[in-house]
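# Topology and contacts: notes
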Amino acid sequence: MTAERLGGLDHTLGDCFRCDRTGIRTTRIGEIVSPEGQTPLRACQSCAEVLIAIHRPAHETPVRGYVTQHPR
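Residues numbered from 1 in each chain as written. Predicted model: local features only at pLDDT ≥ 70, side-chain atom pairs only at ≥ 80, totals over all residues. Heavy atoms only, no water.

## Looking at the nonpolar core
The nonpolar side chains of soluble globular proteins are, as a tendency, buried together. By size, the foremost hydrophobic cluster in this structure holds 5 residues: Cys-16, Ala-43, Cys-44, Cys-47 and Ala-48. Secondary structure elements with two or more residues in this core: strand E4 (37–44) and helix H1 (45–58). Residues contacting Cys-16, with those up to four places away along its chain left out, are Arg-21, Ile-24, Thr-26, Arg-42, Ala-43, Cys-44 and Cys-47. (Core = buried A, V, L, I, M, F, W, Y, C linked by side-chain atoms within 4.5 Å. Buried < 20%, exposed > 50% of the residue type's maximum accessible area, 1.4 Å probe, protein only. Helix = DSSP H or I, 4+ residues; strand = E, 2+ residues; numbered from the N terminus. Contact = heavy atoms within 4.5 Å.)

## Re the pairing of strand E3 (residues 24–34)
As paired elements, E3 and E4 share 8 bridges and run antiparallel to each other. Each bridged residue has a counterpart across the sheet, and for Ile-32 the counterpart in E4 is Thr-39. Hairpin connection of E3 to E4: 2 residues between the antiparallel strands. (Pairing = 2+ DSSP bridges.)

## Observations regarding the environment of Gly-14
Within the element layout of this structure, Gly-14 appears in strand E2 (residues 9–14). For Gly-14, a relative accessible area of 9% gives the class buried. Distance from Gly-14 to Cys-44, taken between C-alpha atoms, is 8.9 Å for residues 30 residues apart in sequence.

## Things to note about the pattern of salt bridges
By the definition in use, this model includes 1 salt bridge. The salt bridge involving Glu-31 is made with Arg-28; its shortest N-O contact spans 3.2 Å. Judged by relative accessible area, Arg-28 falls into the partly exposed class, the value being 37%. (Salt bridge = Lys/Arg side-chain N within 4 Å of Asp/Glu carboxyl O.)

Dropping the structure here:
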């Protein structure tokens, strides 16, 4: 595996965890943490863009507040 720094991101030739392509340029996008240790998650550029598009709206302020308990 080779690594290079482009635009502040760590790019490595390797496998994408999402689309199962191998030997392509990937970026570390997170990790799975368990009692046994950490497993890095690396994704190709197209999969990383899809995951970022899904992630952003999930962390925005909701249009309507969540109701935690129905008033009685």
